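One-letter residues, chain by chain:
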Amino acid sequence: MSRYFWGFLLAAMLAMPQAQAATVSVQLKDTIKQGSGSIDLFRAKQQKNNLSAADLEAMRTEHGGSLIFAVDVNEAANGSEKASSQGVAIESAVLTVVVGGNSSSFSSFSTPTESMLAKVGSSERKLYYTLIGQTGSSLITPSSNSELNGSSYDALITMPVNMALDSATSATLDITLLETNTSLGDPEAFYDYTAGFEDLALVSVEDSTFLAGLAPGQSEAPLVITQGQVLNPIDSWVYYPSAVEYYIAAYEDNYPAKSDYDFNDLVVGYRVGLGMADDKVSSLIVYGYIIARGSGFTHDWYLHIGLPDEASGSGTVNLFKAGSSEQESGYPKSISQSGSFDQRLLQGTKSLMQIPGLEFANTEAQISLIQGQKFSVSFDFDTPLNLEDVALPPYDPYLYVTNTGYEIHLPQFASRLGNSVNSAEGVGGFKNEQGYPFAVIIPEDWEPPLEHVDLGEAYSSFLGYVSSSGTQNTSWYTLPSESKIKGIGKGFWKWD
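Residues numbered from 1 in each chain as written. Predicted model: local features only at pLDDT ≥ 70, side-chain atom pairs only at ≥ 80, totals over all residues. Heavy atoms only, no water.

### Re the overall build of the protein chain
Formally: Strands here are runs of E lasting at least two residues and helices are runs of H or I lasting at least four, both read from the DSSP assignment and numbered beginning at the N terminus. With a 1.4 Å probe rolled over the protein chains alone, any residue whose accessible area is under 20% of its type maximum counts as buried; one over 50% counts as exposed, and the rest are partly exposed. Residue contacts are counted whenever heavy atoms from the two residues lie within 4.5 Å of one another. The protein chains shown are the only cover counted for residues, whose accessible areas, like all others here, come from Shrake-Rupley with a 1.4 Å probe.
Looking only at helices and strands, one finds 8 helices and 22 strands in the protein chain. Classification of the 496 residues of the protein chain by burial places 52% in the buried group. In the protein chain, 72% of the contacts between residues at least 6 apart in sequence involve partners at least 24 apart. Just so you have it, the protein chain exposes about 21300 Å², and 50% of that area is on carbon and sulfur atoms.

### Digging into helix H2 (residues 53–62)
Three- or four-residue spacings in an α-helix give side chains the same orientation, since the helix completes a turn every 3.6 residues. Residues of H2 that are buried: Ala53, Leu56, Glu57, Ala58, Met59 and Arg60. Check the buried side of H2 and you find it contacts strand E1 (26–33), strand E3 (66–72), strand E9 (168–177) and strand E10 (197–202). Immediately downstream of H2, the backbone of glycine 64 shows phi near 70 degrees, a positive value.

### With respect to the sheet that holds strand E15 (residues 299–305)
The condition that has to hold: Here, strands pair whenever DSSP counts at least two bridges between them.
Ordered in space as E18-E15-E20-E21, the 4 strands form an open sheet in which the pairing is antiparallel. Because the sheet does not close on itself, it has two edges, and the strands there are strand E18 (341–347) and strand E21 (407–408).

### Quick word on the nonpolar core
For the record, the criterion: Among buried residues, those of type Ala, Val, Leu, Ile, Met, Phe, Trp, Tyr and Cys that are joined through side-chain atoms within 4.5 Å constitute a nonpolar core.
Val272, Trp301, Leu303, Ile305 and Phe375 are the most contacted members of the largest nonpolar core, which totals 44 residues. Considering every element that reaches this core, the biggest residue donor is strand E13 (residues 266–277), with 6 residues.

### Let's talk about unusual backbone geometry
Of note, the bond from tyrosine 331 into proline 332 is cis; its omega dihedral lies within 30 degrees of zero at 5 degrees. Counting through the fold element by element, proline 332 comes out in the loop between strand E16 (312–320) and strand E17 (333–338). Positive phi outside glycine occurs at aspartate 278, with the angle close to 55 degrees. Along the chain, aspartate 278 turns up in the loop between E13 and strand E14 (280–292).

### A look at the packing of aromatic side chains
For clarity, the cut-off: When the centres of two rings from Phe, Tyr and Trp lie within 6.5 Å, Trp using its six-membered ring, the rings pair. Their planes under 30 degrees apart give stacked, over 60 give edge-to-face, and anything left gives tilted. Here, a charge over a ring means that NZ of Lys or CZ of Arg falls within 6 Å of the ring centre while also lying within 35 degrees of the ring normal.
For the structure on display, the rule yields 24 aromatic pairs. An angle of 85 degrees between the planes, with centres 6.1 Å apart, marks the rings of tryptophan 476 and tyrosine 477 as edge-to-face. Of the residues examined, tryptophan 476 reaches a relative accessible area of 4% and is grouped as buried. An aromatic cluster is built from Trp446, Tyr459, Phe462, Tyr465, Trp476 and Tyr477, whose rings are joined through pairwise contacts. Above the ring of phenylalanine 320, the side-chain terminus of lysine 374 is found at 5.0 Å from the ring centroid. Sitting above the plane of the tryptophan 493 ring, lysine 494 keeps its charged end 6.0 Å from the centroid.

### As for the pattern of salt bridges
Stated formally: Salt bridge, as used here: a side-chain nitrogen of Lys or Arg that lies within 4 Å of a carboxyl oxygen of Asp or Glu.
Scanning the entire structure with this criterion turns up 12 salt bridges. Two residues, glutamate 91 and lysine 119, come together in a salt bridge whose shortest N-O distance is 2.9 Å. Taken as a pair, glutamate 91 in strand E4 (residues 86–99) and lysine 119 in the loop between strand E6 (113–118) and strand E7 (125–133) lie far apart in primary sequence, 28 residues in all. A salt bridge links arginine 344 to aspartate 300; the nearest nitrogen and oxygen atoms lie 3.5 Å apart. Within this pair, whereas arginine 344 is found in strand E18, its partner aspartate 300 is found in strand E15, the two being separated by 44 residues in sequence. Classification of arginine 344 as partly exposed rests on a relative accessible area of 36%. A relative accessible area of 8% means that aspartate 300 is categorised as buried.

Any link to function would need more than the numbers given here.
What follows is the structure, given as structure tokens:
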């Protein structure tokens, strides 16, 4: 072959587009310390791995116009934070890039998780992006070529960058964590930051995909599980009774007989959140716990929230084993609904909350406490609703007693189940002849009477509350006879 042909072939080969090598994740030298950090993207933890402008552009291109950072969350494992789940929230993140002497800033970012949080000095909650992880969590990548292989990175920050970076002379990420109002309890107490430092890395598509699927620590973090399952875009969340409190629903299950009237046959804590978008209700979430079960009967527990007939949507029900991020067999479950929201969230309470060899759980004086299951629900409406079309709290949490076939509601509600013995029971029917109810809603500071102790005996001012139709002794639940109640305490039953 002539030299001309070889020269032509070589020129053609050089002109052919070359396959771009996949990028490799790199740990950065600068860290977030005491709540803030200024991260130089050109400085790697190991100097030999320092990134060039071309490297940054390759990463941006690989991620479709964004830079993705992995964060190793390092927080003190105390309070509601623990080694298996710890978190911080981001108040702001700004990437500043200098090209040709001109500076450009990018402040839009996202993470896989969000929570409603109040800043220190304020009780007003707003939506913030969060970073959640766990100690020694991830062994981040299956690629032995990655610098992050075997490391413990947790969460991801995605920052869109709509300019080429191959000529950048400087690139700095300034990040500030949110100082939360920990006096409000969770979720603020969980997302506070300590003096610990958070490492960062710029990650490849392979590593970011692996880490996003791993989601370390997320299943145990407060107010994350269900919100992460909500698919509709949300501007803000409104919680009832609040973002940190629960209603307590307590039942006497021998309806229509008054029986021992100890109101510990089933005790459930629940909270409802409404996801708002453009001033309409786009999604619904529910969180709750089984607190006590002092009955020989077994029950199903339902939550009914009145909605317009035309409402419809779908979602997920989660049921977690006591003190665990592992779900019970058969969960999570997919649900769909038209009209009012009316879902069975607990089925077979006697088998769910039990102490081996004993009839009751958390209602007897000399028996140790156990934690109950945690449940949560996410529900997206097909068409957003007007807030005024959603029933008012505390809604209609009701019981179906499997052994007797009766359902039990608050007195202001009617029966819901077509197959119950009292399916025709109307509004006002769930009281005895003296006007005493068989279901009550109480703030979370209340603790149930001991087994076979009448509610009026454990809380003497309850009688005045009932006889006045609820106009007097409204704080009856704060004045117990200490020897006649089971001191469970909200710090115990709210285990996550």
